[in-house]
Amino acid sequence: MNKFTMKININIIKNNTDLCLYLILMVYIFQCIIYILFGSTLWMDEGRNLIRSYWYASSQVQPYSNFDPTWQMPIWFYLNGWWQMLFGIGHISSRSFSSILGFINLLFLYKIVNLFYRNKIYGLLAVSIFVLSPHAVWQFTTSSPHALVSLINLLAFFLIFNLNKYSHWFSSTVLGLFYFLLYFIRPNMIIGIFLMLIFQMLFTSPKKLKYLITTISVFILFSILIINHFPGKFGYYTFQIPFITEMLRNIGLYDDPHYNFLNSVYHSVLGHWGAGADIELLSSKILGLIRAFIACVVIPYP
């Protein structure tokens, strides 16, 4: 294919970006239908999530009771349970909930990439990469909080990059609520929350630091409210801060022989490393992600 033909093809895409986006979204919807109705059978984690969600939403079982001695955060289970009570109990309803959230993810991914590069083709490319990754689409159609956590992340970044378009009080309050939801759905998002706070500081002038304080205050306020609402065991798990608690334990500033929260985080998020995971390896992973972000986003930014 010569340069002239490639230029014509790119111009065709530029002139039909909306149509291309619709086609990509239709491919995503088609994949979701296949996965929901004819995909893999219900796997163990999905089964536990469905049962626990219905228990919580119907008030049959309280989180952290003797009948349900879980360490997982309850917010997503309540949302998933309420959805099932409205639209039907079972994995098809729950998977549909995740798929709808995944669809909204794609829309905001498209918007954010367009915001960075001022070019709709980059937005189409980002959405296409996701839709053409079968494992990614499958993750967003399971009865799990993956799609919700991803959506809250994208909404937070979208709001940070558009701070000047909305009321600062509104933006700072909503961001505090987003950070609260992220932590109390998936505590291992603590590093992501710190990164977003850094971006929020970069997009906030020094004279407007009161809005950053507002964000942190909203996070603390909602955290206090939810900790007081659930039994003491919930507060105990809340303060098992991923990565930070383990570092304090390693240097002898935190002594807790009963529960090593970080090992479960390593196992479920960073791979099957087990209890022997090295904090230095974790640091290298984080630095690698930051370098990748700078190389892919910050440097090419026009």
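Reading guide: rules and limits
Residues numbered from 1 in each chain as written. Predicted model: local features only at pLDDT ≥ 70, side-chain atom pairs only at ≥ 80, totals over all residues. Heavy atoms only, no water. Axes fitted to C-alpha atoms, helices over the stretch in contact; angles between N-to-C directions. Helix = DSSP H or I, 4+ residues; strand = E, 2+ residues; numbered from the N terminus. Left-handed = near helix turned anticlockwise from the far one by under 90°. Contact = heavy atoms within 4.5 Å. Nonpolar A, V, L, I, M, F, W, Y, C, P; charged D, E, K, R; others polar. Buried < 20%, exposed > 50% of the residue type's maximum accessible area, 1.4 Å probe, protein only. Polar contact = N/O pair within 3.5 Å; in protein donor to acceptor, adjacent residues only side chain to side chain. Parallel < 35°, antiparallel > 145°, perpendicular 65-115°, else oblique. Expected span 1.5 Å × (residues − 1). Phe/Tyr/Trp six-rings, centres within 6.5 Å; stacked < 30°, edge-to-face > 60°. Lys NZ or Arg CZ within 6 Å of the ring centre and 35° of its normal. pLDDT = per-residue confidence, 0-100. Salt bridge = Lys/Arg side-chain N within 4 Å of Asp/Glu carboxyl O. Patch = residues over 30% accessible without salt bridge, like charges linked within 9 Å, V, L, I, M, F, W, Y side chains within 5 Å. Areas by Shrake-Rupley, 256 points an atom, 1.4 Å probe, with all protein chains shown as cover.

What about the packing of helix H4 (residues 75-87) against helix H5 (residues 91-117)?
Move 1: Packing of H4 against H5 brings their axes to within 9 Å, and their N-to-C directions diverge by 115°. By crossing handedness, the relation of H4 to H5 is classed as right-handed. Here Trp76, Leu79, Asn80, Trp83, Gln84 and Phe87 of H4 come into contact with H5, specifically with Ser93, Ser94, Phe97 and Ile100.
Move 2: Its residues placed into classes, the contact of H4 with H5 shows six nonpolar, four polar and no charged.

Some thoughts on the side chain of Asn153
Move 1: Along the polypeptide, Asn153 turns up in helix H8 (residues 146-161).
Move 2: Relative accessible area serves as the criterion here: at 14%, Asn153 is assigned to the buried category.
Move 3: Side-chain polar atoms of Asn153 contact the backbone oxygen of Val149, separated by 3.0 Å.
Move 4: Discounting chain neighbours no more than four positions away, the residues touching Asn153 are Leu182, Met189 and Met196.

Digging into the packing of H8 against helix H9 (residues 168-185)
Move 1: Taken N-terminus to C-terminus, the directions of H8 and H9 make an angle of 155°; their axes are 10 Å apart at the nearest point. With respect to H9, the axis of H8 lies roughly antiparallel. In the crossing of H8 with H9, the sense of the turn from one axis to the other is left-handed. Residues Leu148, Val149, Ile152, Asn153, Leu155, Ala156, Leu159 and Ile160 of H8 form the contact with H9, whose participating residues are Ser171, Val174, Leu175, Phe178, Tyr179, Leu181, Leu182 and Ile185.
Move 2: Residue composition of the contact of H8 with H9, by class: 14 nonpolar, two polar and no charged.

Let's talk about helix H10 (residues 190-202)
Move 1: With 13 residues, H10 ought to run about 18 Å at 1.5 Å a step, and its terminal C-alpha atoms sit 19 Å apart, in line with that.
Move 2: Of all the positions in H10, only Ile190, Gly192, Ile193, Met196, Leu197, Phe199 and Gln200 are classed as buried.

A short note on the packing of aromatic side chains
Move 1: One pass over the full model with this rule turns up 20 aromatic pairs.
Move 2: Relative to Phe77, the ring of Tyr56 lies with its centre 5.8 Å away and its plane at 75°, an arrangement referred to as edge-to-face. Of this pair, Tyr56 sits in helix H3 (residues 44-57) while Phe77 is found in helix H4, placing the two residues 21 residues apart along the sequence.
Move 3: A relative accessible area of 2% places Tyr56 in the buried class.
Move 4: Accessibility expressed as a relative area gives 4% for Phe77, which makes it buried.
Move 5: Ring plane angle 75° and centroid distance 5.8 Å describe the contact between Phe157 and Phe199, whose orientation is recorded as edge-to-face. Here the residue Phe157 occupies a position in helix H8, and Phe199 occupies one in helix H10, the gap between them amounting to 42 residues.
Move 6: According to the relative accessible area criterion, Phe157 is partly exposed, its value standing at 22%.
Move 7: Taking the relative accessible area as the measure of exposure, Phe199 reaches 17% and is therefore buried.
Move 8: In textbook terms, an aromatic cluster arises when at least three aromatic residues are bridged by ring pairs, as seen for Phe116, Tyr117, Tyr122, Phe157, Phe161 and Phe199.
Move 9: Here the basic side chain of Arg52 rests over the ring of Phe77, its NZ or CZ set 5.5 Å away from the ring centre.

A closer look at H3
Move 1: For H3, built from 14 residues, the straight-helix expectation of 20 Å at 1.5 Å per residue is met to within 8% by its first-to-last C-alpha distance of 20 Å.
Move 2: Of all the residues in H3, the buried ones are Glu46, Gly47, Asn49, Leu50, Arg52, Ser53, Tyr56 and Ala57.
Move 3: As for H3, its buried residues are in contact with H4 and H5.
Move 4: Within two residues after H3, Ser59 carries a phi angle of roughly 60°, on the positive side.

Comments concerning the confidence of the model for the chain
Move 1: Summarising the model, the chain shows a mean pLDDT of 75, and 71% of its residues fall at 70 or more.
Move 2: Below pLDDT 50 for its whole length, residues 4-8 participates in one contact with residues either more than four positions away or in separate chains.

A closer look at the pattern of salt bridges
Move 1: Within the structure shown, the criterion is met by one salt bridge.
Move 2: Arg95 is paired through a salt bridge with Glu46; the nearest N and O atoms lie 2.8 Å apart. Taken together, the positions of Arg95 in helix H5 and Glu46 in helix H3 put the pair 49 residues apart, joining distant regions of the chain.
Move 3: Take Arg95: its relative accessible area is 3%, and that puts it in the buried class.

Some thoughts on a nonpolar patch on the surface
Move 1: On the surface, Met26, Ile29, Phe30, Ile33, Ile34, Leu37, Phe38 and Ile92 cluster together to form a nonpolar patch covering roughly 800 Å² of accessible area.
Move 2: Mapped onto the elements of the fold, Ile92 is located in helix H5.
Move 3: The exposure class of Ile92 is partly exposed, given its relative accessible area of 40%.

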